[in-house]
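# Residue-level structure breakdown
The primary structure of each chain is shown beneath.
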Amino acid sequence: MTSSNTGPTVDQQTVSPARRWNYWLGGKDHFQVDRDAGDRIAAAYPAVRTAARQGRAFHNRAIRYLAGEAGVRQFLDIGTGLPAPDNTHEVAQSIAPDSKVVYADNDPMVLAHARALMVGGVTTFVHGDLNEPGAILAADELRDTLDLTQPVGILLIAVLHFVPDDEKARSVVAELLDAVPSGSYLVATNSTKDFVPPHVAAVYDQMLAAGHVDAWPRDKDTFGRFFDGLELIDPGVVAISEWRPGAGERPTAAEVSMYGAVGLKP
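For clarity, every value in this text was computed on a predicted model and none was experimentally measured.

Time to look at the pairing of strand E5 (residues 185-191). Counting buried positions over the seven residues of E5 gives seven, a clear majority of the element. Two elements, strand E4 (residues 153-156) and E5, share four bridges in a ladder whose sense is parallel. Along E5, the bridge assignment pairs leucine 155 with valine 187. For the segment spanning E4, helix H9 (residues 166-178) and E5, crossover handedness is right-handed. As paired strands, E5 and strand E8 (residues 258-264) are joined by seven bridges and run antiparallel to one another. Each bridged residue has a counterpart across the sheet, and for asparagine 190 the counterpart in E8 is tyrosine 259.

Structure (structure tokens):
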């Protein structure tokens, strides 16, 4: 198990997507640089905090589906982020206590919180980057925890949009799926401009060009290509608030501006 006392130091001057996400969720693990970046994005897109909360809700519903209806007992969560209510292992193990979970993230602060994430059940952490899936898959911590001859639920929640090149992102997903057997699942989300008015999309493009945001939105067709060769679970590629929602009111697609889907490897 990776020690929480070793590894790279935390950079308090560079924006961390994990810490910024934590800020939007109302957490306490962030620095001024993360809050400033989060506030700039929220000024252009006020619903971003709603989107963050809905991303977590989609994550929870998808895991409940995998651990419940689909019977998955192994999970690889890449782009883990900082601890928040209902972490992957908590949701999965509340349904199936024998679930095994491997978290992977490249943020040093997430590494520092690894011990907090790994409480209860069979859970471990890999310090790795989504851009280098082979290193994650080859890590001793993963190999000691997951049996890659048995189905795995691969979770790529709010992380693919940090890989701007579409071809690179698809190759990453393909490499991960090639490493797991039939019966495995891909759960993924990606930000999108499909649901917002043109003037909001234009402002986001300006911020992206200026380097003030780092999440690269994708349209429905581009996001859907991550699931090529997989069997999409109903309702397919939809706004995350529309994927098997519970009863009651829910945000509009424009308020979440993120696609989500779950696919089965046949």
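Below, the discussion takes up the packing of aromatic side chains. Scanning the entire structure with this criterion turns up seven aromatic pairs. Between phenylalanine 223 and phenylalanine 226, the aromatic rings sit 6.0 Å apart at their centres with planes inclined by 75°, giving edge-to-face as the arrangement. The burial state of phenylalanine 223 is the same as that of phenylalanine 226; both residues are buried. Between phenylalanine 223 and phenylalanine 227, the ring centres sit 5.5 Å apart and the planes meet at 65°, which makes this aromatic pair edge-to-face. Exposure remark for phenylalanine 227: the relative accessible area of 3% places this residue in the buried category. Above the plane of the ring of tryptophan 243 lies arginine 244, whose end atom (NZ or CZ) is 5.4 Å from the centre.

Here is what the cut-offs are and how they apply
Residues numbered from 1 in each chain as written. Predicted model: local features only at pLDDT ≥ 70, side-chain atom pairs only at ≥ 80, totals over all residues. Heavy atoms only, no water. Buried < 20%, exposed > 50% of the residue type's maximum accessible area, 1.4 Å probe, protein only. Helix = DSSP H or I, 4+ residues; strand = E, 2+ residues; numbered from the N terminus. Pairing = 2+ DSSP bridges. Right-handed = clockwise from strand over helix to strand, strands pointing away. Phe/Tyr/Trp six-rings, centres within 6.5 Å; stacked < 30°, edge-to-face > 60°. Lys NZ or Arg CZ within 6 Å of the ring centre and 35° of its normal.

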